[in-house]
Structure formats: structure tokens, C-alpha cells
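Read off the chains here:
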Amino acid sequence: LLYVNDLARENLLALDKGIDERIKEAIGRVLARQNSEGAFGLWSASSAADTWLHAYVTDFITRAREKGFTVPEAQFKLALNKLRNAVQLGNNRGGDQNTEAIAYALYVLARNGVAPVGDLRYLADAKLDDLTTPLSRGQLAAALSLHGDKVRAEKVFNAALESLPRDELSPVAGRDDYVHVGMTIGNPHEGAKEQIKTFARVEVAECADDAAGARYSPQRAQVRHVRRVVQDDSAQDTGHARAPHPD
């Protein structure tokens with residue numbers, strides 16, 4: 001939602017003139033589902049319990065603030081405090097916690113400059129093997145980079161790249177049913193599998209570039225290229241014409 005018009009400009013598509021209002025409405029809806037402790041619920045404030053969901057919503061309002069949208073300061077600080085408490089509680093309990101959710105939470109906290117240093121280093125040094133997805137490792141690497149720990153960031157980022165699947169039929173991130181749907185909708189030919197796999201790989205790399213504040217990198221150029229290939233294939237399959245690339 002936040003990047004609809006950014007992508008439209010990059011691909012010479014029409015801008016969505018009503019997007020700002022929809023973003024404001026979305027901010028209002030998610031904040032209405034925040035409880036008194038600062039956590040967000042899926043359907044209401046009373047259903048708040050999931051660390052990953054809380055990190056996801058806090059990530060959204062963080063990025064909205066970065067784009068100039070208003071988020072009430074008191075509710076925003078409450079969300080960050082709850083996220084920090086979830087990280088510290090999760091790490092203190094040991095290995096039965098959702099470590100991927102902790103990595104995401106640390107990334108969101110680091111993006112706001114308030115990630116607890118000890119928890120960042122602990123996850124990188126002692127719990128890296130518990131992060132089973134390339135995305136969670138990429139998020140931890142980005143958090144370390146934002147904090148300024150470039151040595152650990154490079155180590156974890158390399159681990160993220162190494163954990164990407166070699167088998168093109170394996171899921172690259174998240175749920176495999178979503179991945180297989182992506183392989184069949186709009187891009188039914190065999191090459192789509194490699195495109196999706198490549199796209200996942202460079203998005204992990206782009207996460208680290210964001211942390212370093214890079215405006216251009218080879219990975220970003222590859223992300224744009226893969227997006228264009230996928231969009232061109234979709235246009236051919238649907239018969240819709242597309243504007244020429246600016247390059």
C-alpha cells in the first residue's frame with residue numbers, strides 16, 4: 001500500500017490519486033486494534049498476542065511515518081516498547097520461542113534506532129541456526145547493519161544467502177502454497193520458477209542495502225530487472241500493453 005505509487009512511477013504506470021486517504025484509513029484501523037499494553041490484534045485489540053503480527057503492524061506504521069503520514073506519538077512509542085519487551089522476554093525463555101518473529105521485531109526496532117544491542121548480538125552469535133528462513137536471517141543482518149555492527153551483519157547476511165534453496169521447486173520463503181500459486185498465476189511457463197527464486201534472493205539482498213542506506217547497488221538493479229521481466233510476461237499472457245522501460 002505504501003509503495004503503490006513508487007512502483008507505478010518506476011514502471012510508467014498511472015498513479016493512484018486516492019492512495020493517501022487509503023493509507024490514512026489503514027493507519028486508523030490498525031491503531032484501533034492496539035490494546036493498552038501496545039500490542040496489536042488481528043481482528044480487535046482483545047485478540048493481541050502474536051509477536052510476528054505486532055512486528056508487522058509496527059513495521060507498517062514505521063514506514064508510514066517515514067513517508068510523512070501522521071501516527072500518534074503515544075501509540076507509536078507504546079508499540080515500540082511492547083515490541084522491545086517481546087524480544088527480551090522471548091530471548092530469556094530459551095529455544096521454544098518463535099525466533100523468526102524475534103528477528104523481525106529486532107529489525108523493526110533497529111529501523112527506529114531502539115534495538116537492544118545484547119539481544120541483537122545474542123541472536124547472531126548463539127541462535128542463528130534457529131533462524132530457518134533466509135528472510136529472517138536477512139532481517140537480522142539488516143538490524144545489525146542499522147546498529148553499525150558490520151562484521152556480524154556480513155556474517156548473518158552470508159548465512160541468509162547460503163540458506164536459499166538450491167532446488168527450484170522448494171519454497172523460497174514463507175508458505176509453499178503461496179509460492180506455488182505465484183509460479184502458476186500470470187507466469188505459467190517454466191522460466192517463472194527461476195524468476196521467482198531470483199526475485200526472492202535479491203529481495204533478501206535489498207534488505208541489507210536498505211539498512212546500509214544505499215540508493216543504488218547491483219542487487220537493486222537486479223530487483224528492478226526481475227520485476228520488469230515478470231511484469232512483461234504477465235502483460236503478454238493477459239494481452240495488456242505496457243509502457244516502454246525508462247532505460
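Everything quoted here is computed from the prediction, not taken from an experiment.

Reading the values: rules and limits
Residues numbered from 1 in each chain as written. Predicted model: local features only at pLDDT ≥ 70, side-chain atom pairs only at ≥ 80, totals over all residues. Heavy atoms only, no water. Helix = DSSP H or I, 4+ residues; strand = E, 2+ residues; numbered from the N terminus. Contact = heavy atoms within 4.5 Å. Areas by Shrake-Rupley, 256 points an atom, 1.4 Å probe, with all protein chains shown as cover. Buried < 20%, exposed > 50% of the residue type's maximum accessible area, 1.4 Å probe, protein only. Arc of directions from axis to C-beta. Phe/Tyr/Trp six-rings, centres within 6.5 Å; stacked < 30°, edge-to-face > 60°. Salt bridge = Lys/Arg side-chain N within 4 Å of Asp/Glu carboxyl O. 1 Å grid on protein atoms, 1.4 Å probe; cavity = no way out; pocket = protein on both sides within 12 Å on 5 of 7 lines; lining within 4 Å. Points joined across faces, edges and corners; volume = space filled by probe spheres on them. Nonpolar A, V, L, I, M, F, W, Y, C, P; charged D, E, K, R; others polar.

> Quick one: what's the story with the overall build of the chain, residue by residue and with numbers?
The helix and strand inventory of the chain stands at eleven helices and zero strands. For the chain, the α and β elements follow one another from N to C terminus as α-α-α-α-α-α-α-α-α-α-α. At a minimum sequence separation of 6, the contacts of the chain that also span at least 24 residues come to 59%. As displayed, the chain has an accessible area near 13,200 Å², and 53% of this comes from carbon and sulfur atoms.

> An account of helix α6 (residues 117–126) is needed here, citing residue identities and associated values.
Each full turn of the α-helix corresponds to 3.6 residues, which orients residues three or four apart in the same direction. Of all the positions in α6, only Asp-119, Leu-120, Leu-123 and Ala-124 are classed as buried. Angularly, the buried residues of α6 cover 130 degrees about the axis, an arc narrow enough to put them on a single face. Exposed residues lying more than 90 degrees from the buried face of α6 are Gly-118 and Ala-126.

> So what's going on with the environment of Gly-113? Which residues, and what values?
Among the secondary structure elements, Gly-113 is positioned in the loop between α5 (99–111) and α6. Residue class for Gly-113 comes out exposed when judged on its relative accessible area of 66%. Between the C-alpha atom of Gly-113 and that of Ala-143, which follows or precedes it by 30 residues, the distance is 9.4 Å.

> Residues and numbers for the packing of aromatic side chains, please.
Inspection of the entire model under this criterion finds two aromatic pairs. Ring plane angle 15 degrees and centroid distance 5.2 Å describe the contact between Trp-52 and Tyr-56, whose orientation is recorded as stacked. Within this pair, Trp-52 and its partner Tyr-56 are both found in helix α3 (residues 51–66), separated by four residues, close to a single helical turn. The exposure class of Trp-52 is partly exposed, given its relative accessible area of 39%. Taken together, the aromatic side chains of Trp-52, Tyr-56 and Tyr-104 make up a single cluster linked through ring pairs.

> Go over the environment of Leu-140 with me, naming the residues and quoting the values.
Inspection of the secondary structure puts Leu-140 in helix α7 (residues 134–147). Residues within four places of Leu-140 in sequence aside, it is in contact with Ala-103, Leu-106, Leu-120, Leu-123, Ala-124, Leu-128, Leu-131 and Val-156.

> If you had to explain the pattern of salt bridges to someone new, which residues and values would you point to?
Evaluation of the coordinates by the stated rule reveals 13 salt bridges. Its salt-bridge partner being Asp-125, residue Lys-155 comes within 4.0 Å of it at the nearest N-O pair. Of the two residues, Lys-155 is situated in helix α8 (residues 150–162) and Asp-125 in helix α6; the sequence distance between them amounts to 30 residues. Classification of Asp-125 as partly exposed rests on a relative accessible area of 45%. Each of Arg-121, Asp-125, Asp-149, Arg-152 and Lys-155 takes part in salt bridges that share partners, so that together they form one network.

> I'd like a rundown of unusual backbone geometry, residues and numbers included.
Residue Leu-12 is not a glycine yet carries a positive backbone phi of 60 degrees. Tracing the backbone through its elements, the reader meets Leu-12 in the loop between α1 (4–10) and α2 (19–31).

> So what about the layout of surface pockets? Which residues, and what values?
Approximately 360 Å³ is the volume found for the second largest pocket. In terms of lining residues, the second largest pocket is bounded by 20 residues, among which Ala-49, Asp-50, Thr-51, Ala-86 and Leu-89 are the most central. Sorting the residues of the lining of the second largest pocket by element identifies α3, α4 (73–93) and α5 as the ones contributing at least two each. Here the lining of the second largest pocket takes six residues from α4, the largest share from any one element. In terms of residue class, the lining of the second largest pocket is built from nine nonpolar, seven polar and four charged.

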